[in-house]
Amino acid sequence: MSDTPDPLPWWHPVHAPVIRPTLRQHGLAILATLAATLGAGISVVTLALMVATVSDPAAGALVVVGYVLVFSVAFTWIGHLAGAFVLHSPLARGFGGWGVAMLGGFFVGALLKPVVGTGLTVGLGPFLAVLQLAMLRVIVGRTERDLPGDGTPT
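*Asks:* Can you walk me through the overall build of the chain in this structure?
*Replies:* Looking only at helices and strands, one finds four helices and zero strands in the chain. In the chain, the order of α-helices and β-strands from amino to carboxyl end is α-α-α-α. When the 154 residues of the chain are sorted by exposure, 33% land in the buried category. The contacts in the chain between residues at least 6 apart in sequence include a share of 75% that link residues at least 24 apart. If you sum the accessible surface of the chain, you get close to 9,200 Å²; carbon and sulfur atoms cover 74% of it.

*Asks:* Where do I start with the packing of helix α1 (residues 23–51) against helix α2 (residues 56–92) in this structure?
*Replies:* The geometry of a pair of packed helices is captured by two quantities: the angle between their axes and the separation between those axes. Contact pair α1 / α2: the axes reach a minimum separation of 7 Å and the direction vectors enclose 175 degrees. The pairing of α1 with α2 is recorded here as roughly antiparallel in orientation.

*Asks:* How should I be thinking about the side chain of T76 in this particular structure?
*Replies:* Residue placement: T76 occurs in helix α2. We classify T76 as buried; its relative accessible area is 15%.

*Asks:* Any chance you could explain the nonpolar core here in plain terms?
*Replies:* The nonpolar side chains of soluble globular proteins are, as a tendency, buried together. Counting 11 residues, the largest nonpolar core consists of I19, A29, L87, L91, A101, A129, V130, L133, L136, I139 and V140. Among the elements of the structure, α2 and α4 (120–145) are those that each provide at least two residues to this core. Looking at this core, the element that brings in the most residues is α4, giving six residues. Those residues within four positions of L87 in sequence are excluded, and the remaining contacts are A101, A129, Q132 and L133.

*Asks:* Could you clarify how one ought to interpret helix α3 (residues 98–116) in this entry?
*Replies:* The α-helix advances 3.6 residues per turn, and as a result positions three or four apart in sequence lie on the same side. The largest bend along α3 measures about 30 degrees and falls at A110, with the proline P114 one to four residues further on. Buried residues of α3: A101, G104, G105, V108, G109 and L112, and no others. Where α3 terminates, the next one or two residues include G117, which has phi positive at roughly 90 degrees.

*Asks:* I'm lost on the confidence of the model for the chain in this one. Help?
*Replies:* Any segment with low pLDDT has predicted coordinates that should not be analysed in fine detail. Residue-level pLDDT values for the chain average 85, and 84% of them are 70 or greater. Ranking the elements of the chain by mean pLDDT puts α4 last, at 85, and α1 first, at 95.

*Asks:* Quick question: what am I supposed to make of α1 here?
*Replies:* Helix length check: α1, at 29 residues, gives a terminal C-alpha distance of 42 Å against a target of 42 Å (1.5 Å per residue), a fit within 8%. Looking at α1, one finds that the buried residues are Q25, H26, A29, I30, T33, L34, T37, G41, V44, V45 and A48.

*Asks:* I tried to follow the environment of A129 on my own but got confused; where do I start?
*Replies:* For A129, the position within the fold is in helix α4. Considered as a pair, A129 and V86 are 43 residues apart in the sequence and their alpha carbons are 9.8 Å apart. Discounting residues that sit within four places of it in the chain, A129 has contacts with L87, A101 and G105.

*Asks:* Would you mind going over the packing of aromatic side chains with me for this structure?
*Replies:* How two aromatic rings sit relative to each other is set out by the distance from centre to centre and by the angle between their planes. One pass over the full model with this rule turns up two aromatic pairs. When the centroid spacing of 5.5 Å and the interplanar angle of 70 degrees are considered together, the rings of F106 and F107 count as edge-to-face. Judged by its relative accessible area of 36%, F106 falls in the partly exposed class.

*Asks:* Explain the side chain of H26 to me, please; I cannot follow it from the model alone.
*Replies:* For H26, the position within the fold is in helix α1. Given the relative accessible area of 7%, H26 is considered buried. Setting aside residues no more than four positions away along its own chain, H26 makes contact with P21, A84, H88 and L136.

Rules and cut-offs
Residues numbered from 1 in each chain as written. Predicted model: local features only at pLDDT ≥ 70, side-chain atom pairs only at ≥ 80, totals over all residues. Heavy atoms only, no water. Helix = DSSP H or I, 4+ residues; strand = E, 2+ residues; numbered from the N terminus. Buried < 20%, exposed > 50% of the residue type's maximum accessible area, 1.4 Å probe, protein only. Contact = heavy atoms within 4.5 Å. Areas by Shrake-Rupley, 256 points an atom, 1.4 Å probe, with all protein chains shown as cover. Axes fitted to C-alpha atoms, helices over the stretch in contact; angles between N-to-C directions. Parallel < 35°, antiparallel > 145°, perpendicular 65-115°, else oblique. Core = buried A, V, L, I, M, F, W, Y, C linked by side-chain atoms within 4.5 Å. Bend = angle between axes of the 7 residues up to and from the residue. pLDDT = per-residue confidence, 0-100. Expected span 1.5 Å × (residues − 1). Phe/Tyr/Trp six-rings, centres within 6.5 Å; stacked < 30°, edge-to-face > 60°.

Here it is as structure tokens:
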């Protein structure tokens, strides 16, 4: 890779540097996103236990949020698989910004709402899509940095 910075940072809402992730990279990004969601849920439940000594209502609210995150892992993998297909085409064309990911996550969540039976898919979908995009960019970036010169494998 060259030493010049990317002209389009990854946090732009629409445009982003072109990447063409492999199926393996998409799978790793999905697993990393699920692990991060599970870890966040466990952390929030742990925080709720600490807050319970001060405020029961606040602890109760945190427990609910933590459980939603923990148990969402059982169902969100469906949305992440669909999201990988939704993200792949824009990423390969330079339109893989966070706004595009959020829009894709919203639509995947809306499509899965009748299947899962809750509106949480529409609310969490955009944020989990951005998390998946960030994980994918980290995974693809590490792979590309490991390649010599022009980015082609030897």
